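For reference, the chains in residue letters:
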Amino acid sequence: MKIVFLGTPDFAVPSLNALINSKHEILAVVCQPDKKVGRAQQVVFSPVKELALKNGLKVLQYNKIRLEGVEELKNLTPDIMISCAYGQILSQDIIDIAPYGIINVHGSLLPKYRGASPVQQSVIDGEKETGITIMQTDIGIDSGDILAVKKTPIYENETAGQLFDRLSVIGAELLIDTLDKIEKGMITPIKQDDSLATHVKMIKKEDALIDWSKSATTIFNLVRGMNPWPVAFTKIADKMLKIYTSTVDSNSVYLDKKDGEVVCADLKNGLIIKCGEGLLKVEELQLEGSKRMSAHDFLLGRKISVGDILG
RNA sequence: CGCGGAGUAGAGCAGUCUGGCAGCUCGUCGGGCUCAUAACCCGGAGGUCGUGUGGUUCGAAUCCCACCUCCGCAA
């Protein structure tokens, strides 16, 4: 089929790559405008744009595809459009361009976790299972008919980043499979049960602030879900302290300590913080202005001690 | 010129304000103790203090200047 691909970040790269290596023809790749990134404010191409350019594909970037993209895309006469973490709201005009419409690769088991950050939120919520849903895009947010689903467990210690990587590969496989079935007319779209729908907003930095009155398990899940971005954080002496990895310590109990208090900070037992319920052992962290390091290395420098209160 | 932190032994840091023998913890190597050990005791090695054939000074990790690199925030 003749395809227009809409996608931007790493998550979409395996899918685009799979399409490139398939029998299908990619007419154009649409992605978000280039952004200036980092301290130096250098312009960096998105991962999808990099891959597209490397393969000599036509790249289109719109500030607002709804306003700027309709005519140009229509003239390409695609059979189908595929979106995968593109990052812009689409309109009916866009949906109507291709005979097969737009199909979307989404990182959750719809109708749960509709919206912008399903993968991270699944980890934050401590879900045991998630997956990829490929759906027919309609005018709502991830509310269209389901074309294909593939489940996968969320592992005990898995971070959002690791899950992202796995799901993006699963998504790519399911996409190719689904395209073939669409072509052969073997797909029966299934309506979503809207009464079961949940929505997730874009993750913001402040969402990653640790609330030490929560349980250790909840915070452990937050740490996993916010890794690699924006990374769960707390404060120590008004400085930002990011926590990259942690474990729940169920060995001992400190009822007389405050939430967020350092109950242990030695090389033998590690860095342990009291939570609303249970204890969190910090494994990997980064202090503002400093490099990322293990809790062991951090303790060597003695920048924290028992009795300090975080948060 | 967006704001700020940092560069000292393999690692993490102190020392810089107030210039005067290069320190701490861990690791590492050797020895000891032990049924045994990642535990404990003793000893050793390991540094052109980011770069400068820069400036000041009797003397610079420390003060001044220029540059490089890393990191947090903001965008």
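What counts and what doesn't
Residues numbered from 1 in each chain as written. Chains lettered and ligands numbered in written order. Predicted model: local features only at pLDDT ≥ 70, side-chain atom pairs only at ≥ 80, totals over all residues. Heavy atoms only, no water. Helix = DSSP H or I, 4+ residues; strand = E, 2+ residues; numbered from the N terminus. Buried < 20%, exposed > 50% of the residue type's maximum accessible area, 1.4 Å probe, protein only. Areas by Shrake-Rupley, 256 points an atom, 1.4 Å probe, with all protein chains shown as cover. Phe/Tyr/Trp six-rings, centres within 6.5 Å; stacked < 30°, edge-to-face > 60°. Lys NZ or Arg CZ within 6 Å of the ring centre and 35° of its normal. Core = buried A, V, L, I, M, F, W, Y, C linked by side-chain atoms within 4.5 Å. Contact = heavy atoms within 4.5 Å. Domains from an automatic or database assignment. Buried area = accessible area lost by both parts, 1.4 Å probe.

1. Some points on the overall build of chain A
Of the regular secondary structure elements, chain A holds 9 helices and 17 strands. Dimensions of chain A, computed from the C-alpha atoms along their principal axes, are close to 65 × 45 × 30 Å. Expressed as a percentage of the 311 residues in chain A, the buried residues total 49%. For chain A, the accessible area works out to roughly 15600 Å², and carbon and sulfur atoms hold 51% of it.

2. Here's the deal with the packing of aromatic side chains
Scanning the model with the defined rule gives 1 aromatic pair in all. Here Phe11 and Phe164 contribute two aromatic rings whose centre-to-centre distance is 5.4 Å and whose plane-to-plane angle is 85 degrees, an arrangement assigned as edge-to-face. Placement of Phe11 in the loop between β1 (2–7) and α1 (13–20) and of Phe164 in helix α7 (residues 160–183) is noted, with a sequence separation of 153 residues between them. What makes Phe164 partly exposed here is its relative accessible area of 30%. The cationic tip of Lys49 hangs over the ring face of Phe45; the distance from NZ or CZ to the ring centre is 3.8 Å.

3. Things to note about the nonpolar core
Nonpolar side chains in soluble globular proteins tend to end up buried together. In this structure, Phe5, Leu16, Leu19, Ile103, Ile134 and Leu179 are the most contacted members of the largest nonpolar core, which totals 35 residues. The biggest single contributor to this core is α7, with 9 residues. Residue contacts for Leu16: discarding those within four places in its chain leaves Phe5, Ile26, Val29, Val48, Leu51, Ala52 and Leu57. Counting residues in each nonpolar core, the second largest holds 30 residues, with Ile203, Trp212, Phe220 and Met226 among its members.

4. Brief notes about the domain arrangement of chain A
When its domains are assigned, chain A resolves into domain 1 (2–200) and domain 2 (205–300). Contacts between the two partners involve 13 residues from domain 1 and, on the opposite side, 10 residues from domain 2. Around 790 Å² of area is buried between domain 1 and domain 2 when both sides are counted, 54% of it from carbon and sulfur atoms. By the criterion of area lost to domain 2, the three top residues of domain 1 are Gln120, Ile124 and Thr159, representing 48% of everything that side buries.

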